[in-house]
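# Structure assessment
Residue strings, one per chain:
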Amino acid sequence: MLLDADGVLQDVPGGWYAAMEPYLGARSREFLHATWSDELPFLAGTGGDYLPFLADALAAYGVSAPADVVYGAVWLRIDVVAESVRLVEQLRSAGYGVHLGTNQERERGVHMRTTLGYDALFDVSCYSYDLGVAKPSTDFFVEAARRIGAEPSSILFVDDTARNVEAARVAGMPAVHWSVGRGHHELLAALAYHGVHVPPARGR
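In short, a report on the structure. (Residues numbered from 1 in each chain as written. Predicted model: local features only at pLDDT ≥ 70, side-chain atom pairs only at ≥ 80, totals over all residues. Heavy atoms only, no water.)

### Quick word on the overall build of the chain
The following threshold applies: Going along the chain from the N terminus, every DSSP run of H or I of four or more residues is numbered as a helix, and every run of E of two or more is numbered as a strand. Computation of the radius of gyration draws on C-alpha atoms alone. For the globule rule, the value is 2.2 Å times the number of residues to the power 0.38. Using a 1.4 Å probe on the protein chains alone, a residue whose accessible area is under 20% of its type maximum counts as buried, one over 50% counts as exposed, and one in between counts as partly exposed. With residues, only the protein chains shown are counted as cover, and all accessible areas are computed by Shrake-Rupley using a 1.4 Å probe. Charge convention: Lys and Arg are scored as positive, Asp and Glu as negative, and His as well as the terminal groups of each chain are ignored. For this purpose, a charge sits on NZ of Lys, CZ of Arg, CG of Asp or CD of Glu.
From N to C terminus, the chain includes 12 helices and seven strands. Here the C-alpha radius of gyration of the chain, 17 Å, is about what a compact globule of 204 residues would show, namely 17 Å. Its C-alpha atoms put the chain at 50 × 35 × 30 Å along the principal axes. Of all 204 residues assigned to the chain, the portion counted as buried reaches 48%. Of the roughly 9,500 Å² of accessible surface on the chain, 52% is carried by carbon and sulfur atoms. Computing the positive centroid from 16 side-chain charges and the negative centroid from 25, the chain places the two 5 Å apart.

Following this line, the structure appears as structure tokens:
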């Protein structure tokens, strides 16, 4: 299995827009969408350090707070979804290979790998900045499968973004469109449909 991070394994409490509101108020949505549209080189690992890019974007919107402060309060404001983590642990205990496939720039990715402990949680971690390509490019899934050491057709992908799910299917990878807000019961049903049966948690 290959799992996305944001929306599947983790969430930004209250959402990205709310996290940004202390700095930009009603312009939070506008700022974030403009920033996200320009960050592809950073997701693909070719843009260099993210903080100078963020500092320039904040300055263009008249934000005086330092970029590292905003970055910590918004980009690193991550809640790990305990039920998703338990699912990963149950699947690995049952003998399934469970891997992470996520779009991240380097700084946030390193935080996830180390501070959040994702490198220990997953068998193989596929971060876009490390792969050199970001979803929804089909090359992301081809390279992820190569690193996992399996054919794309044998890897079930889960993501909260429809275009990523479609790209995975084009690359030959079966995929499930799911997000945390839809409830883990729905994910378990989708996994069972694809022949992945989750054993009961230990002690239950």
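### Topic: the sheet that holds strand S5 (residues 125–127)
Strand pairing within a sheet occurs via backbone hydrogen bonds; the two strands may be parallel or antiparallel. Rules: A pair of strands counts as paired when DSSP detects no fewer than two bridges linking them. In this description, contact between two residues means that some pair of their heavy atoms is separated by no more than 4.5 Å. Helix axes use the C-alpha atoms of the stretch in contact, all axes being lines fitted to C-alpha atoms, and the angles between their N-to-C directions lie in the range 0 to 180 degrees.
Read from one edge to the other, the open sheet built from five strands follows the order S5-S4-S1-S6-S7, with strand pairing classed as parallel. Of all strands in the sheet, those bounded by a partner on one side alone are S5 and strand S7 (175–177). The sheet contact formed by strand S1 (residues 2–3) and strand S4 (residues 99–102) spans two bridges and is parallel. From the neighbouring strand, Leu 3 faces S4, where its bridge partner is Leu 100. In the packing of helix H10 (residues 138–148) onto the sheet, the strands contacted are S1, S4, S5 and strand S6 (157–159), and the crossing angle to S4 comes to about 155°.

### A look at the nonpolar core
Spelled out, the test is: Residues enter a nonpolar core if they are buried and are Ala, Val, Leu, Ile, Met, Phe, Trp, Tyr or Cys, with the set joined through side-chain atoms within 4.5 Å.
Membership of the largest hydrophobic core comes to 28 residues, with the highest contact counts inside it found for Met 1, Leu 3, Tyr 118, Phe 122, Val 158 and Leu 191. Only helix H6 (82–93), helix H8 (118–121) and helix H12 (184–193) provide two or more residues apiece to this core. The biggest single contributor to this core is H6, with four residues. Not counting chain neighbours up to four residues away, the residues in contact with Leu 3 comprise Val 8, Val 88, Val 98, His 99, Leu 100, Gly 101, Phe 122 and Val 158.

### Examining helix H5 (residues 67–74)
Put simply, the test is: This arc is taken over the directions from the axis of the helix to the C-beta atoms.
Buried within H5 we find Ala 67, Val 70, Tyr 71 and Val 74. In an axial view of H5, the angular spread of the buried residues amounts to 100°, which keeps them on one side of the axis. Residues of H5 that are buried in the fold lie against helix H1 (16–24), helix H4 (50–60) and helix H7 (106–114).

### Digging into the environment of Phe 157
The topology assignment puts Phe 157 in strand S6. C-alpha separation for the pair Phe 157 and Asp 119, spaced 38 residues apart in sequence, amounts to 18 Å. Non-local contacts of Phe 157, meaning those with residues more than four positions away in its chain, are made with Leu 2, Asp 4, Gly 101, Lys 135, Phe 141, Asn 164, Val 165, Ala 168, Met 173, Pro 174, Ala 175 and Val 176.

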